[in-house]
Amino acid sequence: MAESEPVPLPVQAGEKRGCSEDKKEDDTPTKKPKIESDQENGGAPNQNEEASDEEEDGETFAEMMKHGLTEMDVGILKYVSDHEGFSGILKERYSDFVVHEINKQGKIVHLDDLSIPADEQEVPMTEELTKESDVLTEEQKKQLGELQLFSNKEGSVSIEIMDDTKEKRTQVHKAIKTRFPGLETKTEEKEGRKFIVAYHAAGKTALAEVKTTAAPRKHFWPQNRGSFCHFALYKENKDTMDAINVLSKFLRLRPNMFSYMGTKDKRAITVQEIAVLKISAERLAHLNKCLMNLKLGNFCYKNHPLKLGELQGNHFTVVIRNISGSDEQIHQAMTSLRQTGFINYYGMQRFGTTAVPTQQVGRAILKNDWNEVVDLILKPRPGAEKEFLVRCREEWAKTRDPEAALKKLPNKRCVEGQLLRGLSMYGKKNIVTAFGLIPRNNRLMYIHSYQSVVWNTMVSRRIEAFGLKAVEGDLVLRGTAAHVLSAEEAESHSIHDLVMPLPGFDVIYPSHHIGAGYRELLSADGLDIDNMRHKVKDYSLAGAYRRIIIRPTDVTWEVICYDDPRISLVHSDFEKLENKSPPVINKEGKYRALKMEFSLPPSTYATMAIREVLKLDTSIKKQTQLNTVWFN
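Residues numbered from 1 in each chain as written. Predicted model: local features only at pLDDT ≥ 70, side-chain atom pairs only at ≥ 80, totals over all residues. Heavy atoms only, no water.

(A) Region of interest: the environment of Thr187. Structurally, Thr187 is set in strand S4 (residues 183-190). Taking C-alpha positions, Thr187 is 6.2 Å from Val197, a pair spaced 10 residues apart along the chain. Leave out the neighbours within four places in its chain, and Thr187 touches Arg169, His173, Lys194, Phe195 and Ile196. (Helix = DSSP H or I, 4+ residues; strand = E, 2+ residues; numbered from the N terminus. Contact = heavy atoms within 4.5 Å.)

(B) Structural view of the sheet that holds strand S3 (residues 156-160). Pairing is antiparallel across the open sheet formed by 3 strands, whose spatial order is S3-S5-S4. The outermost strands of the open sheet, each flanked by one partner alone, are S3 and S4. Across the sheet, the axes of successive neighbouring strands diverge by a mean angle of 25 degrees, strand direction being ignored. The pairing of S4 with strand S5 (residues 193-200) spans 8 bridges and is classified as antiparallel. What sits directly across from Lys190, in S5, is Arg193. Of the strands in this sheet, S3, S4 and S5 are in contact with helix H4 (residues 166-179), which crosses S4 at around 150 degrees. (Pairing = 2+ DSSP bridges. Axes fitted to C-alpha atoms, helices over the stretch in contact; angles between N-to-C directions.)

(C) Structural detail: the sheet that holds strand S13 (residues 481-484). Taken together, 4 strands build an open sheet; the order of strands is S13-S12-S14-S15 and the sheet is antiparallel. The open sheet terminates on both sides in strands that have one partner only, identified here as S13 and strand S15 (544-547). When strand polarity is set aside, the average angle formed by the axes of neighbouring strands in this sheet is 55 degrees. Direction of pairing for strand S12 (residues 475-478) relative to S13: antiparallel, over a ladder of 4 bridges. Bridging across to S13, Val476 finds its partner in His483.

(D) Summary view of the side chain of His512. Looking at where His512 falls in the secondary structure, it is placed in the loop between strand S14 (498-502) and helix H17 (513-524). His512 has contacts with Arg462, Phe466, Val471, Glu472, Gly473 and Asp474, leaving out every residue within four places of it along the chain.

(E) Summary view of H4. The end-to-end C-alpha separation of H4 is 20 Å, in line with the 20 Å expected for 14 residues at 1.5 Å each. Among the residues of H4, Arg169, Val172, His173, Ala175, Ile176, Lys177 and Thr178 are the ones counted as buried. (Expected span 1.5 Å × (residues − 1). Buried < 20%, exposed > 50% of the residue type's maximum accessible area, 1.4 Å probe, protein only.)

(F) Molecular detail of the side chain of Asn288. Take Asn288: it is sitting in the loop between helix H7 (281-286) and strand S9 (294-302). Overall, Asn288 belongs to the buried group, its relative accessible area being 12%. Engagement of the side chain of Asn288 in a polar contact is seen with the backbone oxygen of Leu296, the distance being 2.9 Å. Each residue touching Asn288, except ones within four places of it in the same chain, is listed here: Leu114, Leu294, Lys295 and Leu296. (Polar contact = N/O pair within 3.5 Å; in protein donor to acceptor, adjacent residues only side chain to side chain.)

(G) Spatial organisation of the packing of helix H9 (residues 358-366) against helix H10 (residues 370-378). At a minimum axis distance of 8 Å, the contact between H9 and H10 shows a crossing angle of 165 degrees. The angle between the axes of H9 and H10 places the two elements in the roughly antiparallel class. In the packing of H9 onto H10, the handedness of the crossing is left-handed. Where H9 abuts H10, its residues Gln360, Val361, Ala364 and Ile365 lie against Trp370, Glu372, Val373, Leu376 and Ile377. (Parallel < 35°, antiparallel > 145°, perpendicular 65-115°, else oblique. Left-handed = near helix turned anticlockwise from the far one by under 90°.)

Take a look at the structure:
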């Protein structure tokens, strides 16, 4: 996912890049651990940022991470290469992590064209716009244009209706909304005179207007044009759903009018394909005037939307700064990554960052122990946490009163708030229904987290037992079904052919002793491997197969020397469009960075590839311990 979304670190200073002239951010490099959280390649949105977007200060975050997980806790134990590891800083700046989606045709998605596609039947729309805008004076158009540029979110433009008729007011409303996407309008009466007031869709005035259920406005749509406008979405330091919500607000659409193939990291520069139903490229291109950290381009019309999972993968450009490795170490590490690959572990993002790992909640769900589920989510926990969550947990522990605990939360949308609201509505004796108020993806995240830690653990045991060769009893896929290798068949297969199962009712297990280890591990957790169906259908695990080793494609690398830690070392798509010069590299610079590029299939973790190169524990807990100086 490039899935997204990374766990926020304590001090994440902004960086100024070319996406908006209005943006004013601190240009100081981020103080943070050497390895940040995971990037799942094309997977689900990050579910770990549950409570608030506020940043913790360094000391508080470091204190919280004392109780976090290490790789060992989630079964990440082995490496495939024998080179000596070295240190470096990942994501010191968000521009150090660049992700380009690989679409279902296998093409890397770039933003390299902002033009509107030629359309023979665009003329009627243009004529309509000209006719509508005739009701506005040049001065009014100028004022509305400045308002559209978002320089003053709380500004407004008032247009007096001299010839007050409903038809005239409708013409003015329509002219403003059609000519100036991103603006909202309303009619106001002042001292007996009628005014049309225009204001920005992203301002507080707009947020106060109840327009969320309004039907999308109908526009002229040529019959020979595909119903969906596909475009490349370029975003900086913003996650995919946030970007979709911004576009929805500006275009006055529901977010589900947009479709995409996967979510992408927040703390990164990413480019991906998006599709929207019956919104013209012209309207979308208008938004480039006022969007911050977002750009839209490469427009085309097609007859179909996009579907989750249709992508072939993602292409990564990653900069690891201040590296300690010699040129020989780096060559060995990157050659091994290209030739052998890395163990396809589920990365640390999968398991949360707090003292109560998500897999523990998943195990309780699978055991049907709902009181334990509630306790794990709501009980007080060690380590620093946001003050309102601490008060909420303390209230729950003291009173077991969901309504009282809920009052301690300013944001009721977090998992704790959703569960408490469910308990308040349905009672503490109906926990299954109450738990159902948590969004389905969040609920499934818990049991998938449990499956993932089992998979990681068993793969580590498989590598420990048999190394990097296929043996009798291993599994390979034939079509969608798994097949157990005989001793003779194992001779003609390599480690790159092998899969291991995530536990479930519809998979088979290796026939050697690692297969028996699954049964022992689940039995120790109070689960029966022969009965993975759950009373609640959503929580029944069918299981799946996952490749043991992933070998990235398109692997390249170079060592860059630099002096200024604030400068970007990657030339972004937007900077190329703006004809900005590429980064100036000082060959005598006092710092060294490793710039690597590689492509990965969906549902793999880029940080697991980087882990193989650096040979460092990628957990935030471990990096916090190793890099205390960064928090001071």
